[in-house]
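Spelled out from the first residue to the last, the chains are:
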Amino acid sequence: MVKLYDFLLSGNCYKVRLLLSLLGVEHELVAVDLKSGEHKKPPFLALNAFGQVPVLVDGDVVIRDSQAILVYLARRYGGSDWLPEDAALLGKVSQWLSTASKEIANTVATARLHYLFGASIDVAAIEKQSYTVLKAIDEHLATRQWLECDRPTIADLACFPYIGLAADGKLSLDAYPNIVAWIDRIKQLPGYVGMPGL
Ligand SMILES: N[C@@H](CCC(=O)N[C@@H](CS)C(=O)NCC(=O)O)C(=O)O
């Protein structure tokens, strides 16, 4: 059975749990105790030398990094439903996987890390950068329902959690109605599951 090394409050782990649920893939969650540093000790480091969750194990296949795991699961269990075959569309979806791991991780997710887990940051700078990122995404969504392909893909699942959790980082989505409507659409998907804060 598919095994996900998981931390409940992690948006990166959540995006994987969400896709597993949307795909209806039976799986086992293995809670990793980040507070005690379990992820920095040998048994876990053998799975991911970078010492981070999520990690997915499916038989002989071990994948770290939430975006990479979404790619694997989408193709392995969803055909082309969540990840298109076409080169141009694949490129378009991939640009959002990259946006999730840099622009979103370094802004809205970092603000949340500060308020929920005490990370030391320049609050004013992160807030300003967060709103720049949110504005760009809101404008992109002004003319479309989904980030790419006119349907939900892993682009949406990769970007959605930390944006949906913006309030945890004391960021308001009030000025971004297209984002708010997009979050509502994601929450309507059959098989949707939430997490604390969503
Ligand atoms: N790029 C990775 C980032 C993973 C990541 O930042 N994981 C966090 C939890 S959300 C973690 O394990 N933090 C503990 C640490 O880095 O020590 C991904 O998308 O999975």
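Just so you know, the residues in each chain are numbered from 1, in the order the chain's sequence is written. Confidence filtering applies because this is a predicted model: local features only for residues at pLDDT of at least 70, side-chain atom pairs given and counted only at 80 or more, and all residues used for totals across whole chains, interfaces and linings. With hydrogens and water set aside, each side-chain value is computed from the structure's full complement of heavy atoms.

A.B. asks: Break down the domain arrangement of the chain for me, with residues and values.
C.D. replies: Segmentation into domains, and thus their bounds, comes from an automatic or database assignment. Each domain of the chain was delimited in the assignment, giving domain 1 (2-78) and domain 2 (87-187). Computed over C-alpha atoms only, the centres of domain 1 and domain 2 are separated by 21 Å. Broken down residue by residue, the surface that domain 1 buries against domain 2 is led by Leu9, Lys15 and Gln67, which jointly contribute 37%. Only one rule defines a salt bridge in this text: a Lys or Arg side-chain nitrogen within 4 Å of an Asp or Glu carboxyl oxygen. Put simply, domain 1 and domain 2 have zero salt bridges between them. Secondary structure elements follow DSSP: runs of H or I no shorter than four residues count as helices, runs of E no shorter than two count as strands, and numbering proceeds from the N terminus. Listed by contribution, the elements that provide at least two residues to the side of domain 1 that touches domain 2 are helix H1 (11-23) and helix H3 (66-78). The dominant element in the side of domain 1 that touches domain 2, judged by the number of residues it contributes, is H1, at seven residues. In the side of domain 1 that touches domain 2, the residues fall into nine nonpolar, four polar and one charged. Note: buried area is the sum, over both parts, of the accessible area (probe 1.4 Å) each one loses when the two are combined. Under the convention adopted here, Pro, Cys and the residues Ala, Val, Leu, Ile, Met, Phe, Trp and Tyr are nonpolar, Asp, Glu, Lys and Arg are charged, and Gly plus all remaining residues are polar.

A.B. asks: With reference to specific residues and values, describe the site of the ligand.
C.D. replies: Taken together, Ser10, Asn12, His39, Lys40, Gly51, Gln52, Val53, Pro54, Asp65, Ser66, Gln67 and Tyr162 make up the full set of residues adjacent to the ligand. In protein, a polar contact means a hydrogen-donor-capable atom and an acceptor-capable atom, both N or O and within 3.5 Å, with residues adjacent in sequence counting only if both atoms are side-chain atoms; elsewhere, any N or O pair within 3.5 Å suffices. Within the side chain of lysine 40, an N or O atom sits 3.0 Å from an oxygen atom of the ligand. Separating an oxygen atom of the ligand from a side-chain N or O atom of glutamine 52 is a distance of 3.1 Å. Surface exposure here means Shrake-Rupley accessible area, sampled with a 1.4 Å probe, where a residue is shielded only by the protein chains that are shown. For the ligand, whose free accessible area comes to 510 Å², the fraction covered by protein is 72%. Considered class by class, the residues forming the shell around the ligand number three nonpolar, seven polar and two charged. Put simply, a residue is near a molecule or strand once any heavy atom of it comes within 4 Å of that molecule or strand.

A.B. asks: Pulling in residues and values, what's your account of the UniProt feature "domain: GST C-terminal" (unreviewed entry) in the chain?
C.D. replies: Per the UniProt record, "domain: GST C-terminal" (unreviewed entry) is annotated on residues 86-198. With 60% helix and 0% strand, residues 86-198 has its two end C-alpha atoms placed 32 Å apart. UniProt positions are given in the numbering used here, feature names are shortened, and annotations may be inferred rather than shown by experiment.

A.B. asks: Quick rundown of the packing of aromatic side chains? Include the residues and the values.
C.D. replies: Whether two aromatic rings pair depends on their centres lying within 6.5 Å, for rings of Phe, Tyr and Trp, where Trp uses its six-membered ring; planes under 30 degrees apart make the pair stacked, over 60 edge-to-face, and the rest tilted. Applying the stated criterion across every chain yields a total of six aromatic pairs. Ring centres of tyrosine 5 and phenylalanine 44 lie 6.2 Å apart, and the angle between their planes is 65°; on these two criteria the pair is classed as edge-to-face. Remark: phenylalanine 44 occurs in helix H2 (residues 42-45) and tyrosine 5 occurs in strand E1 (residues 2-6); sequence separation between them is 39 residues. Of the two residues examined, tyrosine 5 and phenylalanine 44, each falls in the buried class. Summary of the burial criterion: residues with accessible area below 20% of their type's maximum are buried, those above 50% are exposed, and those between are partly exposed, where the area comes from a 1.4 Å probe applied to protein chains only.

A.B. asks: Please set out empty space enclosed by the protein residue by residue, giving values where relevant.
C.D. replies: Only protein atoms enter the 1 Å grid used here, on which a cavity is any set of points holding a 1.4 Å probe that cannot leave and a pocket is any open set flanked by protein within 12 Å on both sides along at least five of seven lines; residues with an atom within 4 Å of a point are listed as lining. Grid points are joined across faces, edges and corners, and a volume is the space filled by probe spheres set on the points. All chains considered together, the criterion is met by one cavity of 30 Å³ or more. Considering only enclosed or pocket space, the largest cavity measures out at about 40 Å³ in volume. Around the largest cavity sit Ala111, Tyr115, Ile121, Val123, Ile126, Glu127, Gly169 and Leu171, which together line it. In terms of residue count, helix H6 (residues 123-140) provides more of the lining of the largest cavity than any other element does, three residues in total.

A.B. asks: Which residues make up the pattern of salt bridges, and what values go with them?
C.D. replies: Inspection of every chain in the model, using the stated rule, returns four salt bridges. A salt bridge links arginine 17 to aspartate 6, with the shortest nitrogen-to-oxygen separation between them at 2.7 Å. On the criterion of sequence distance, the pair formed by arginine 17 in helix H1 and aspartate 6 in strand E1 is long-range, its members being 11 residues apart. Residue aspartate 6 is classed as buried on the basis of its relative accessible area of 7%. Residue glutamate 85 is joined to arginine 75 by a salt bridge in which the shortest nitrogen-to-oxygen separation is 4.0 Å. Pair noted here: glutamate 85 is in the loop between H3 and helix H4 (87-104) and arginine 75 is in helix H3, with a separation of 10 residues, a long-range link. With a relative accessible area of 54%, glutamate 85 lands in the exposed category. Judged by relative accessible area, which is 31%, arginine 75 ranks as partly exposed.

A.B. asks: Explain the environment of glutamate 103 to me, and be specific about the residues and the numbers.
C.D. replies: Relative to the helices and strands, glutamate 103 is located in helix H4. Separated by 39 residues in sequence, glutamate 103 and arginine 64 have C-alpha atoms that sit 20 Å apart. Note on definitions: a residue-residue contact is assigned when non-hydrogen atoms from the two residues lie within 4.5 Å. Not counting residues within four places of it along the chain, the set of residues in contact with glutamate 103 comprises Ser98 and Val133.

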